[in-house]
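# Observations on chain architecture
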Amino acid sequence: MTEASSLTSDKKYIASSFPKELDPLRLPKHIAVIMDGNGRWAKRKGLPRAMGHTAGVDALKKTLRLCSDWGVSALTVYAFSTENWSRPGEEVSFLMTLFKRVLKRELESLKLQKVRISFLGDLEKLPKELQALISEATDLTSKNEGIHFNVCTNYGGRRELVKAAQKLAIRSSKGELDPALINENVFAAELSTANVVDPDLLIRTSGERRISNFLLWQLAYAEIYITETLWPDFDENSLLCALVDFQSRSRRFGGLNQISTDHSSKRF
Ligand code: FPP
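Residues numbered from 1 in each chain as written. Predicted model: local features only at pLDDT ≥ 70, side-chain atom pairs only at ≥ 80, totals over all residues. Heavy atoms only, no water.

In this section: the site of the ligand. Near the ligand you find 17 residues, and of these Asp36, Gly39, Arg40, Arg49 and Arg87 are the closest. Taking Asn38, its main chain carries an N or O atom lying 3.1 Å from an oxygen atom of the ligand. Protein burial of the ligand: of its 630 Å² of free accessible surface, 90% is covered by the chains. When residues in the shell around the ligand are grouped by element, the largest group, 5 residues, is from helix 2 (residues 49–70). Counted by class, the shell around the ligand contains 7 nonpolar, 6 polar and 4 charged residues. (Near = heavy atom within 4 Å. Polar contact = N/O pair within 3.5 Å; in protein donor to acceptor, adjacent residues only side chain to side chain. Areas by Shrake-Rupley, 256 points an atom, 1.4 Å probe, with all protein chains shown as cover. Helix = DSSP H or I, 4+ residues; strand = E, 2+ residues; numbered from the N terminus. Nonpolar A, V, L, I, M, F, W, Y, C, P; charged D, E, K, R; others polar.)

The structure is reproduced here in C-alpha cells:
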C-alpha cells in the first residue's frame, strides 16, 4: 500500500493470517517502537529526508495493521521527541504537516479497524490545528475496543517523570497524599501511560542501541530488539523476526526462574 492510498476503501478488510512461526499465547501484549532511520533511508535513495518520513508512515500503517490482526493489545510509537524540535525548522514543519495530513486521512480507517488512538507527550506545544485533530481522533476512537495505538508526540521520558513527581509533590503539599504512601503504583498512576500495560517488547530500527529518552519508566522490564533495518523498510517479515526473537527469550524479571512470555502484563 502506498502512502497516498487509504485504508478506507470499501474492500472488505481481511486480516493477515497468523504466522505459523509464532505461538499465539506468547505474544507481547504491548509493543513499543522507536521508528528510526527515515532520513538514512531517503539519503541512500538520493531523496530528500522528508520522503523518508513519508515512507515511514507506510511502514507504521502496516505495522499497526499487523499488530492488530495478530492480537497484540497495544502499540506505542515514538513519532516526535522533545529533542526533535532542534532539527532544522523545515523538517520540523514538514513533520507537523505530515502528522496533520495522516491523521485527517486515516481517521475513518482507524475507526473501521476499531483502533483506539491516544497521544502521549506535551501536546499543548504542538500547532493548534494538530492539537484539534488529536483531540478529535482521541475522542472519536476512545470507545473502540481494538488495539490501543499510542503516538508519542513531543514526548520525553525524563519530562514525563518530572511531571509525575511534580503532581505528587503538589498533592502532598496540599495534604492530600502522605509521601510515605508513594509507591510504584501511585507513581505509575501519574504517568501518561497510567492505564496502559507496560511494553514487553521494544523494537528499535536502524541499528542504534539507545533508548533515547523513550518510556524510561515503562520499559523497565521490556525485551529489547534491535534491527539494522531502516524504519521505512520495516515490513511483515521484520515484525515476524522481532516476535520470533521475543518468543525465544527467557524472561525472569530479576528472579531466577524463567517466566513464560504470557506473564508479561503490568506487574503492579
Ligand atoms: C526518526 O528517523 C523518525 C522520526 C523522527 C519521525 C517518525 C515519524 C513517522 C514515521 C511518521 C509518523 C506519523 C504519524 C501520523 C504518527 P530519523 O529522521 O531520525 O532518521 P535518521 O536517523 O536516519 O536521520
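There's more to say after this.
Okay, the pairing of strand 5 (residues 201–204) next. Here strand 5 shows two buried faces, one formed by Leu201 and Ile203 and the other by Leu202 and Arg204. In the sheet, strand 1 (residues 30–34) pairs with strand 5 via 4 bridges, with the strands oriented parallel. Residue pairing for strand 5: Val33 is matched across the bridge by Ile203. In this structure, strand 5 lies alongside strand 6 (residues 223–226), joined through 4 bridges in parallel fashion. Bridged to Leu201 within strand 6 is Glu223. (Buried < 20%, exposed > 50% of the residue type's maximum accessible area, 1.4 Å probe, protein only. Pairing = 2+ DSSP bridges.)

A word on a nonpolar patch on the surface. Side chains of Ile211, Leu216, Ile224 and Ile226 sit close together on the surface and give an oily, nonpolar patch of about 280 Å² of accessible area. Within the secondary structure, Ile224 sits in strand 6. When its relative accessible area of 41% is taken as the criterion, Ile224 is described as partly exposed. (Patch = residues over 30% accessible without salt bridge, like charges linked within 9 Å, V, L, I, M, F, W, Y side chains within 5 Å. Salt bridge = Lys/Arg side-chain N within 4 Å of Asp/Glu carboxyl O.)

To continue, consider the packing of helix 3 (residues 89–112) against helix 4 (residues 128–141). Relative orientation of the contacting elements helix 3 and helix 4 amounts to 20 degrees, with a least axis distance of 10 Å. Judged by the inter-axis angle, helix 3 sits roughly parallel to helix 4. With respect to the hand of their crossing, helix 3 and helix 4 are arranged in left-handed fashion. On helix 4, the residues touching Met96, Phe99, Lys100, Leu103, Lys104, Leu107 and Lys111 of helix 3 are Glu129, Leu130, Leu133, Ile134, Glu136, Ala137, Leu140 and Thr141. Per-class residue counts for the contact of helix 3 with helix 4 are 9 nonpolar, 1 polar and 5 charged. (Axes fitted to C-alpha atoms, helices over the stretch in contact; angles between N-to-C directions. Parallel < 35°, antiparallel > 145°, perpendicular 65-115°, else oblique. Left-handed = near helix turned anticlockwise from the far one by under 90°. Contact = heavy atoms within 4.5 Å.)

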